[in-house]
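# Coordinate analysis (summary)
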Amino acid sequence: MPTHKIWIDAVVIAQNGLHARPCAALLNCVRDHDAEVWIRYKDDESAADSMLDLLSLCIPEGAIVGLCATGADSGTALDAIVGLGLFSRTDKRP
């Protein structure tokens, strides 16, 4: 079965950036889908299913990030992540 890989660019709109609470919401959303999700900020990339990895990126509000999902639910996972209200899609590249 082919792997679906989707990238989107997004602006972090979570107040005060991706601190513990938004990261926990993101992590729980990712775990609800049959997909692996990665987030890229500047030159760093992290799996979105690891709280420590997410927090280590220190992503502030207003930052432009790349979100990548692979797997059967990749598109649904990214839609659900954007639906959390932490990110807004953009056409700007990080």
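As a reminder, the structure under discussion sits directly above these lines.
Here's a quick rundown of the structure. Owing to the predicted nature of the structure, the values given are computational and were not obtained by experimental measurement.

Cut-offs and rules
Sequence order sets the numbering: in each chain, residues are counted from 1 along the sequence as written. In keeping with the predicted nature of the model, local features appear solely for residues at pLDDT of at least 70, side-chain atom pairs appear and are counted solely at 80 or more, and the whole-chain, interface and lining totals rest on all residues. Excluded from the side-chain calculation are hydrogens and water; included are all heavy atoms of the structure. The helix count covers DSSP runs of H or I at least four residues long, the strand count covers runs of E at least two residues long, and both are numbered beginning at the N terminus. The classification of residues rests on relative accessible area computed with a 1.4 Å probe and restricted to protein chains. Under 20% of the type maximum is buried, over 50% is exposed, and intermediate values are partly exposed. Any two residues whose heavy atoms approach within 4.5 Å at even a single point are treated as in contact. Salt bridge, as applied in this entry: a Lys or Arg side-chain nitrogen positioned within 4 Å of an Asp or Glu carboxyl oxygen. By the convention used here, strands pair only if DSSP detects at least 2 bridges between them.

## A short note on the side chain of Ser74
Here Ser74 is to be found in helix H3 (residues 74–83). By relative accessible area, which is 2% here, Ser74 ends up buried. In this view, Ser74 contacts His4, Ile6, Ala35 and Ala69; residues no more than four positions away in its chain are not counted.

## A few points about the pattern of salt bridges
Under the definition given, this model contains 2 salt bridges. Here Glu45 ties to Arg40 by a salt bridge, and the two come within 3.0 Å at their closest N and O atoms. Look at Glu45 and you get partly exposed, because its relative accessible area is 40%. Among the salt bridges present, the one from Arg89 reaches Asp79, with a minimum N-O distance of 2.6 Å. Taken as a pair, Arg89 in strand S5 (residues 87–90) and Asp79 in helix H3 lie far apart in primary sequence, 10 residues in all. Residue class for Arg89 comes out partly exposed when judged on its relative accessible area of 43%.

## Details of the pairing of strand S1 (residues 5–12)
Where S1 and strand S4 (residues 64–70) come together, 7 bridges link them in antiparallel fashion. Bridging from a neighbouring strand, Val11 pairs with Ile64 of S4.

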